[in-house]
Amino acid sequence: MATPTASTKLLLSDLASTVQNVPSNYIRPINDRPNLTQVEVSDASSIPLIDLDGLYGPRHSEIIQQIGLACQHDGFFQVRNHGVPEKTINIMLNIARRFFKLPESERLKSYSDEPSKTTRLSTSFNVKTEKVANWRDFLRLHCYPLERYVHEWPTNPPSFREDVAEYCTSIRGLVLRLLEAISESLGLQRDYIDKSLGKHAQHMALNYYPPCPQPELTYGLPGHTDPNLITILLQDDVPGLQVLRNDKWVAVNPIPNTFIINIGDQMQVLSNDRYKSVLHRAVVNCNKERISIPTFYCPSPDALIGPAKELIDHNHPAAYTDFTCAEYHEKFWKRRVYIYMHLIINVDNKSVGDRIDSNPFVIPENLTARHIILKKNSD
Ligand code: OGA
Ligand code: NI
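Conventions and cut-offs
Residues numbered from 1 in each chain as written. Chains lettered and ligands numbered in written order. Predicted model: local features only at pLDDT ≥ 70, side-chain atom pairs only at ≥ 80, totals over all residues. Heavy atoms only, no water. Helix = DSSP H or I, 4+ residues; strand = E, 2+ residues; numbered from the N terminus. Buried < 20%, exposed > 50% of the residue type's maximum accessible area, 1.4 Å probe, protein only. Polar contact = N/O pair within 3.5 Å; in protein donor to acceptor, adjacent residues only side chain to side chain. Salt bridge = Lys/Arg side-chain N within 4 Å of Asp/Glu carboxyl O. 1 Å grid on protein atoms, 1.4 Å probe; cavity = no way out; pocket = protein on both sides within 12 Å on 5 of 7 lines; lining within 4 Å. Points joined across faces, edges and corners; volume = space filled by probe spheres on them.

1. Let's talk about unusual backbone geometry
- A cis geometry characterises the amide bond from Y144 onward to P145, with omega recorded as -5 degrees.
- Here P145 lies in the loop between strand 5 (137–144) and helix 5 (146–149).
- For the bond from N156 to P157, the omega torsion is -5 degrees, close enough to zero to count as cis.
- Take P157: it is sitting in the loop between helix 5 and helix 6 (160–185).
- For H200, which is not glycine, the phi dihedral falls at a positive 70 degrees.

2. What to know about the side chain of H224
- With respect to the secondary-structure elements, H224 resides in strand 7 (residues 221–224).
- Residue classification places H224 among the buried residues on the basis of a relative accessible area of 2%.
- Separated by 3.0 Å, the side chain of H224 and the backbone oxygen of P222 make a polar contact.
- A distance of 3.1 Å separates the side chain of H224 from the side chain of D226, its partner in a polar contact.

3. Quick word on the pattern of salt bridges
- Evaluation of the coordinates by the stated rule reveals twelve salt bridges.
- The partner of K128 in a salt bridge is E114, with the nearest N and O atoms 2.7 Å apart. Taken together, the residues K128 in the loop between strand 4 (119–123) and strand 5 and E114 in the loop between helix 4 (104–107) and strand 4 connect sequence positions 14 residues apart.
- Given a relative accessible area of 29%, E114 falls into the partly exposed group.
- Between D191 and K195 there is a salt bridge, with the nearest N and O atoms lying 2.7 Å from each other.
- We classify D191 as partly exposed; its relative accessible area is 33%.

4. A few points about empty space enclosed by the protein
- Summed over the entire model, instances satisfying the criterion amount to four cavities of 30 Å³ or more.
- In terms of lining residues, the largest cavity is bounded by 19 residues, among which L221, H224, L233, L241 and H280 are the most central.
- Counting residues per element, the ones that place at least two in the lining of the largest cavity are strand 6 (201–209), strand 7, strand 8 (230–235), strand 11 (259–263), strand 12 (280–282) and strand 13 (290–298).
- Considering each element in turn, the lining of the largest cavity owes the most residues, four residues, to strand 13.

Shown next, in the form of structure tokens:
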């Protein structure tokens, strides 16, 4: 059968169910496919599951220690008894499902391919610059401070703003608790990270991965690290997330009422490489649609990010120069590099400032996602 070619549909949701083969613009080169048969399935020992019950009581130091070990060795962990009500989680998953089921004309009211827009529905990753598309639609929202952004959000389904606002506020509470715990686990003052983020920023994505006729040929999202500080992922009951561990992809199977937490690049920087921002990806499947809802927590654009002074000493020199998030984003967009899912290139012993000013930054054609940006001393 002939391979279907690029569609006239803007959104994948309106194309996926009409094709029997993956259209050619979604097909990855042979050496860049998910290789699904090689993937390991997670068990309790592969991605730590941390029970936060007792964080402010008798289990405080035990939990801090577990979080510290997970950030250091895994870059990923799961949490339960996290304080976000089950009802809030279910309402969030439901509203996301209902949003993606709206008629095409209704959804398209939120459509934009302009990455700088603070609220937008789009597809793949960055349709303006990418060569191969990803099997995903997504709604991006900024959500802190709420009152600045909520009026931009969709009004359909009618309870959208209220439901999502409640979720965002509850998740922010969890993030703040985790940031305190992570500060403590690094031996820093409990409010160290909170204070270093300026006014704070919070974004989220509602990811929708339709069933895919040939999941072995494409990705929902190819391997990447998250460029923000910390990510809180809510997923429905359909597997799809995979994490790189000891050079092998491990599938993280969903556990109800559990969030997956991962360290982002900025936390790696702040911890002076003690904590790891780890590669992960989303794969798709033939049978079931999948929804995942990451919350990305970040410093405000003017905040200066760099290794905590307390973590720099003779044996641990600063691995990064200080930078503002605004600087980071601007420089990287100028070089046409992904931000959200940026490509991180080894930076031959130069700070990002040196590199950007003196060196054209060329992305190798076949690169999907690599480490590491802003690094002073390459490994
Ligand atoms: C992301 C991400 C994973 C998933 O959006 O950055 O890694 O399972 N998502 O959707
Ligand atoms: Ni991610």
